[in-house]
Amino acid sequence: AGYGRNYLIPQGKAAPATKANIEQFKTRRAELEKASAARLSEAQQRAEKISALKLTLASKAGDEGKLFGSIGPRDIAEGATKEGVALKKSEVLMPEGPLRSVGQHEIHVRLHTNVHAVLNVTIVSQE
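The sections below set out a description of the structure shown in this document. These numbers were taken from a predicted model, which means no experiment stands behind them. (Residues numbered from 1 in each chain as written. Predicted model: local features only at pLDDT ≥ 70, side-chain atom pairs only at ≥ 80, totals over all residues. Heavy atoms only, no water.)

## A word on the overall build of the protein
For clarity, the threshold we go by: Strands are runs of DSSP state E lasting at least 2 residues, helices are runs of H or I lasting at least 4, and numbering of each runs from the N terminus. For this measure, only C-alpha atoms enter the radius of gyration; the expected value for a globule follows 2.2 Å times N^0.38, where N is the number of residues. The classification of residues rests on relative accessible area computed with a 1.4 Å probe and restricted to protein chains. Under 20% of the type maximum is buried, over 50% is exposed, and intermediate values are partly exposed. A contact between two residues is defined here by any heavy atoms of the two lying within 4.5 Å. To measure how exposed things are, a 1.4 Å probe is used in the Shrake-Rupley method; for residues, cover is taken only from the protein chains shown. Residues scored as positive are Lys and Arg, those scored as negative are Asp and Glu, and His as well as the terminal groups of each chain are ignored. Charge placement uses NZ in Lys and CZ in Arg. For Asp and Glu, CG and CD serve respectively.
From N to C terminus, the protein includes three helices and six strands. Along the protein, helices (α) and strands (β) appear in the sequence α-α-β-β-α-β-β-β-β when read from the amino end. Against the 2.2 N^0.38 benchmark of 14 Å for 127 residues, the protein shows a C-alpha radius of gyration of 23 Å, more extended than a compact globule. Over its C-alpha atoms, taken along the principal directions, the protein stretches across nearly 75 × 30 × 20 Å. Looking at the protein as a whole, 26% of its 127 residues are labelled buried. Contacts in the protein between residues at least 24 apart in sequence constitute 51% of all its contacts with a sequence separation of at least 6. If you sum the accessible surface of the protein, you get close to 9,200 Å²; carbon and sulfur atoms cover 51% of it. Each charge sign in the protein was given a centre, from 19 positive and 14 negative side chains, and these centres are 12 Å apart.

Shown next as structure tokens:
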């Protein structure tokens, strides 16, 4: 009780459990749940678009198919955005590191805590 009275309530991190505060909490909770459901729905729609997208990126490569540079999350996000599917660099997951070879690759994308998608990326040699 002392922690709440002396620290939490004065800092605005807690409020006494009065009827008015409980009602206010319930309405705020409903608003937050509605906003969360909207973000989840939007992420699921984006996941469908990303899964349907076949992204092709061109990069300079040697005769054996090794790239002279690498393709990272930023390049993939920019390529997907140019194709009309908004994607942020932070949403692209590449645990093995950047792509360094020509060919097809599956890239995992995390759009929401519960929504993941797979983006098919084809890297071709640029002439």
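## As for the sheet that holds strand S5 (residues 103-112)
Defined as follows: Note on pairing: two strands pair once DSSP finds at least 2 bridges between them.
Spatially, the four strands line up as an open sheet ordered S1-S6-S5-S3, and their pairing is mixed. Here the strands that pair on one side only, and so sit at the sheet edges, are strand S1 (54-59) and strand S3 (92-93). As judged from the two bridges shared by S3 and S5, these two strands associate in the antiparallel manner. Following the sheet pairing, Val 92 is matched in S5 by Val 109.

## With respect to the pattern of salt bridges
The criterion, for reference: Salt bridge, as used here: a side-chain nitrogen of Lys or Arg that lies within 4 Å of a carboxyl oxygen of Asp or Glu.
Enumeration according to the criterion identifies five salt bridges in this entry. Residue Glu 31 pairs with Arg 28 through a salt bridge whose shortest N-O separation is 3.6 Å. Of this pair, Glu 31 and Arg 28 both sit in helix H2 (residues 19-52), three residues apart, which is roughly one turn of the helix. For Glu 31, a relative accessible area of 47% gives the class partly exposed. With relative accessibility at 47%, the residue Arg 28 sits in the partly exposed group. For the salt bridge of Arg 74 with Asp 75, the shortest nitrogen-to-oxygen distance reads 3.9 Å. On the basis of relative accessible area, Asp 75 is assigned to the partly exposed category, the value being 23%. By sharing partners, the salt bridges in this structure join Glu 42, Arg 46 and Glu 91 into a single network.

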